[in-house]
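Okay, here's what each chain looks like letter by letter:
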Amino acid sequence: MMNETQFENSLKVAMSAPAMPEHMGNKVDAAVERSRQRSQTKRRLVLASGAIASVSLGVFLFPSVKAQASLGGMIGALDKKTNAVVRTYLVDEGGKRTLQRVATVSNGNVTTTDVKGQVSELDYELKSYVWNPSLGVYVEFPRRSPKGFKLSDMIGPASSFSLHKKVDLENLTEGGRTFRRATIKNGELPERYIIDADLTTDLPFRMQVESLEQGRWRARGYSEFDYSSPAAVAPPKDLKHPVITEKERSDRFDSMIESKTLGEYSNGKSFVKIRRVDVAEDGTVFVAYQNGNRVLNSWKGYSLMLVDDIGTMYTRYGDIFTNYYGTGPARIPKDGKYEMEVFVPIRRVNPTTKRKLSLAVAVMPNGQLEKVFEANEFNEWAQAASKVPVGKSVSFKVANRTDKVYSIFQQVYDGSTCGASPSWASGISYSSFANDVFTEIFKAQARSRNAMSRKDWADAETQLNEVLRWMRESERQGYSSWSMDQVLKDLDTVHKNLRP
Amino acid sequence: MTKQPLEAAVLHNSSRTMTFAEARSAYLGTVFAFVARRIRPVQEAEDVVAAVFVDAYQHWGRRKGDPKLWLLGIARRKVADALRKKKPTWSIREEDSTSNAMDEYVARAEADHAAAIVAALPPDERDALLMQVVDEMPIQDIAVVLGRSIKATNSLLGRARTRIRQQLKDVK
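Residues numbered from 1 in each chain as written. Chains lettered and ligands numbered in written order. Predicted model: local features only at pLDDT ≥ 70, side-chain atom pairs only at ≥ 80, totals over all residues. Heavy atoms only, no water.

(A) Spotlight on the overall build of chain B. For chain B, the helix and strand inventory stands at 7 helices and 0 strands. When its helices and strands are written in sequence order, chain B yields α-α-α-α-α-α-α. When the 172 residues of chain B are sorted by exposure, 49% land in the buried category. The contacts of chain B with a sequence gap of at least 6 include a subset with a gap of at least 24, amounting to 61%. For chain B, the exposed area adds up to about 8400 Å²; of that, 51% sits on carbon and sulfur atoms. (Helix = DSSP H or I, 4+ residues; strand = E, 2+ residues; numbered from the N terminus. Buried < 20%, exposed > 50% of the residue type's maximum accessible area, 1.4 Å probe, protein only. Contact = heavy atoms within 4.5 Å. Areas by Shrake-Rupley, 256 points an atom, 1.4 Å probe, with all protein chains shown as cover.)

Below you can see the structure in the form of structure tokens.
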């Protein structure tokens, strides 16, 4: 029989860990990347019934068995229905509803149309077709749920990744009608879903999405489920614009973006290829580049830096914007993902003001590219690099080592090369640059963060109000509803500092 | 000289020294081992590890203390969540059995027995014991991961060991 020591040894044997698979790191990175992209969209409230194909479908893990059973009843009832029309409205701060989109479900096929009647998405049999406004085509890819769409998928709006969903149930009476209300909250997200279902049939007849703003729940989206209207989904041949495959779309984008190399650095161990540099109307500089298969090591900024000769102060949004492949398979180009740096001037720059833009990288003694600099170092080496010709380097002492700083791109601009953002930007980050409104939100957010970090409270107030203004504009134009909670909290902070 | 504030990826609290990417590189193996010892098959463990880092990424700015222990705290909760969804099995994996020799057989039987004893412990006691014996963590680290004081963690371990001694004695 075992003594305690033998027990411990046996336990170690029983609980020995297998070798970590080589792909573990990539799997983590991919999951984090998905989460990052999702968190951007979560700032936009997910209006479930309008986001049919993009929604990760219904994994419900509710702590309450009763609630789970009851919600299961709703799901079961929905799954017996094959046809429905679901109208989704955005709700503004005054409570006014504006129709955003209509989803029609018929025998497992789904078509979603916007307010202008344009089909924005079609899921038909084994394929999905998604409208791509920048290309003016529908992009076809294999359907994520090839077995067909179920109406119950519509009430599984939040991420399947979360283990923290919670549902509360209650019976309510309104106008003499008693119905069941399920209120679903997903972890700490400042949003909740309220589904009202018929007590007899268990069929949901409406759903409201609410966001928590300054401690109060506010309706942001509202959906009506109509099971009596005739529901028919036209086949793809009836789409009014050309259809291309996801691969064709990716190939087009790849060949477009890789057709130019505006500047590069390579030392056998590391390389950077500058693919695009564009200047927007407000002076924001968009840089697309490739840098091999680096995945996560630039979360805190990267050594690719921009400086100009007129002393513009840029706030840099350093992040990896990966190739946008819709819901198609991820594919890594030969020279690595397309990455983007966006340098937003903290004050708008007149686009006709002549300025020389310089991009540089820093290389450590081991040949690796620098990835993180403190602000003062960053500024100094960028200035230093701007003074040497392209292809040349300057030495720069960092802590206990000496880096080489290479200038890899210099060009004089005296006008903008695009509107709010270049069209390729949405190909790298659709969620940030899909349209001008999203782009303006992005820029205002960047400026407000910068102003807050400088403790320039007056400027922060201006920029935060700009963020709110563009978020409201997004709702007005029917693009998306945004959670304003964090912006309002930041405004509170600003007001306390401005008027203590 | 022009000031150019670097606030890249301010979603993450830049005032703290370790970046998420650095923590991911430094502790991926630790977290994987922690999870893979408790969740099988390994494919499920991989999913849990990915979930740990997603959670960590989302809350990086709010973390407290040692990043490694903070990550292990998340891992512990994710493991508990995952085990709640299925009945835990603590037997040795098939691939651990490499021969039919009697020694192997005895080792496996003892390992299964040890695992069964641990599986019967209350969850907190089991977690504390596994961290001490299998993960070889010091008590102060176990206390951080469990969110308890060192004294309370010692008590927990004491109770776990008392139960185990009783179990081993009963078998005798």
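That was the structure; now back to the text.
(B) Just the overall build of chain A, in detail. Counting its regular elements, chain A contains 10 helices and 21 strands. Taking all 500 residues of chain A together, 54% fall into the buried category. If you take every contact in chain A between residues at least 6 apart in sequence, the share linking residues at least 24 apart comes to 62%.

(C) Summary view of the pattern of salt bridges. Residue and element names in this part refer to chain A. A complete count under the given rule lists 34 salt bridges over all chains for this structure. Between aspartate 238 and lysine 237 there is a salt bridge whose closest N-O contact spans 3.5 Å. With a shortest N-O distance of 3.1 Å, lysine 273 and aspartate 335 are connected by a salt bridge. Of this pair, lysine 273 sits in strand β14 (residues 271-279) while aspartate 335 sits in the loop between β17 (314-318) and β18 (338-345), and the two are 62 residues apart along the sequence. Residue classification places aspartate 335 among the buried positions, given a relative accessible area of 9%. Beyond isolated ion pairs, a larger network of salt bridges with shared partners links Glu174, Arg181, Asp196 and Arg206. (Salt bridge = Lys/Arg side-chain N within 4 Å of Asp/Glu carboxyl O.)

(D) Region of interest: unusual backbone geometry. Phi at glutamate 125 of chain A is positive, roughly 50 degrees, even though this residue is not glycine. You can see glutamate 125 of chain A is positioned in the loop between β4 (119-124) and β5 (127-132). Non-glycine residue glutamate 136 of chain B carries a positive phi angle of around 55 degrees. With respect to the helices and strands, the residue glutamate 136 of chain B is situated in the loop between α5 (123-133) and α6 (139-146).

(E) Seen up close, helix α2 (residues 42-58) of chain B. All names here are of chain B. Its 17 residues place the ends of α2 24 Å apart at the C-alpha level, agreeing with the 24 Å of an ideal helix rising 1.5 Å per residue. Among the 17 residues of α2, 12 are classified as buried, and the element is accordingly described as predominantly covered. Of the residues making up α2, those classed as buried are Ala45, Glu46, Val48, Val49, Ala50, Ala51, Val52, Phe53, Val54, Asp55, Ala56 and Tyr57. (Expected span 1.5 Å × (residues − 1).)

(F) Geometry of the nonpolar core. Core analysis: the largest hydrophobic core is formed by 58 residues, its most contacted members being Leu11 of chain A together with Val35 and Leu129 of chain B. With residues near it in sequence (within four places) discarded, leucine 129 of chain B still touches Phe7 and Leu11 of chain A together with Val118, Leu121, Val134, Leu157, Ala160, Arg161 and Ile164 of chain B. Core analysis: the second largest hydrophobic core is formed by 32 residues, Val277, Tyr314, Leu359 and Val405 of chain A among them. (Core = buried A, V, L, I, M, F, W, Y, C linked by side-chain atoms within 4.5 Å.)

(G) Inspection of the packing of helix α8 (residues 436-453) of chain A against helix α9 (residues 457-476) of chain A at higher detail. All names here are of chain A. One way to put it is that α8 packs onto α9 with a least axis distance of 8 Å and a crossing angle of 160 degrees. The orientation of α8 with respect to α9, classified from their angle, is roughly antiparallel. Classified by chirality, the crossing of α9 by α8 is left-handed. Contact residues: Val437, Phe438, Glu440, Ile441, Ala444, Gln445, Arg447, Ser448, Ala451 and Met452 in α8; Trp457, Asp459, Ala460, Gln463, Leu464, Glu466, Val467, Trp470, Met471, Glu473 and Ser474 in α9. Among the residues making up the contact of α8 with α9, the classes are represented as 12 nonpolar, 4 polar and 5 charged. (Axes fitted to C-alpha atoms, helices over the stretch in contact; angles between N-to-C directions. Parallel < 35°, antiparallel > 145°, perpendicular 65-115°, else oblique. Left-handed = near helix turned anticlockwise from the far one by under 90°. Nonpolar A, V, L, I, M, F, W, Y, C, P; charged D, E, K, R; others polar.)

(H) Structural view of the packing of aromatic side chains. All names here are of chain A. According to the stated counting rule, one finds 9 aromatic pairs over all chains in the structure shown. Ring centres 5.6 Å apart and planes at 85 degrees place the aromatic pair phenylalanine 179 and phenylalanine 205 in the edge-to-face group. You can see phenylalanine 179 sitting in strand β8 (residues 177-186) and its partner phenylalanine 205 sitting in strand β10 (residues 204-213), a full 26 residues away along the chain. What makes phenylalanine 179 buried here is its relative accessible area of 2%. For phenylalanine 205, a relative accessible area of 17% gives the class buried. (Phe/Tyr/Trp six-rings, centres within 6.5 Å; stacked < 30°, edge-to-face > 60°.)

(I) Quick look at the environment of asparagine 350 of chain A. Here asparagine 350 of chain A shows up in the loop between β18 and β19 (355-363). Sequence-wise, asparagine 350 of chain A and glycine 415 of chain A are 65 residues apart; in three dimensions their C-alpha atoms are separated by 8.2 Å.

(J) Inspection of the packing of α9 of chain A against helix α10 (residues 485-498) of chain A at higher detail. Residues and elements named next belong to chain A. In contact at an axis separation of 9 Å, α9 and α10 are set at 155 degrees when each is read in the N-to-C sense. Put simply, α9 runs roughly antiparallel to α10. Here α9 runs over α10; the crossing is left-handed. Across the interface between the two elements, Trp457, Ala458, Ala460, Glu461, Leu464, Asn465, Val467, Leu468 and Met471 of α9 pack against Val487, Leu488, Asp490, Leu491, Val494, His495, Asn497 and Leu498 of α10. Split into classes, the residues belonging to the contact of α9 with α10 amount to 12 nonpolar, 3 polar and 2 charged.

Note that every value here comes from positions in space, so none of it alone points to a role or purpose.
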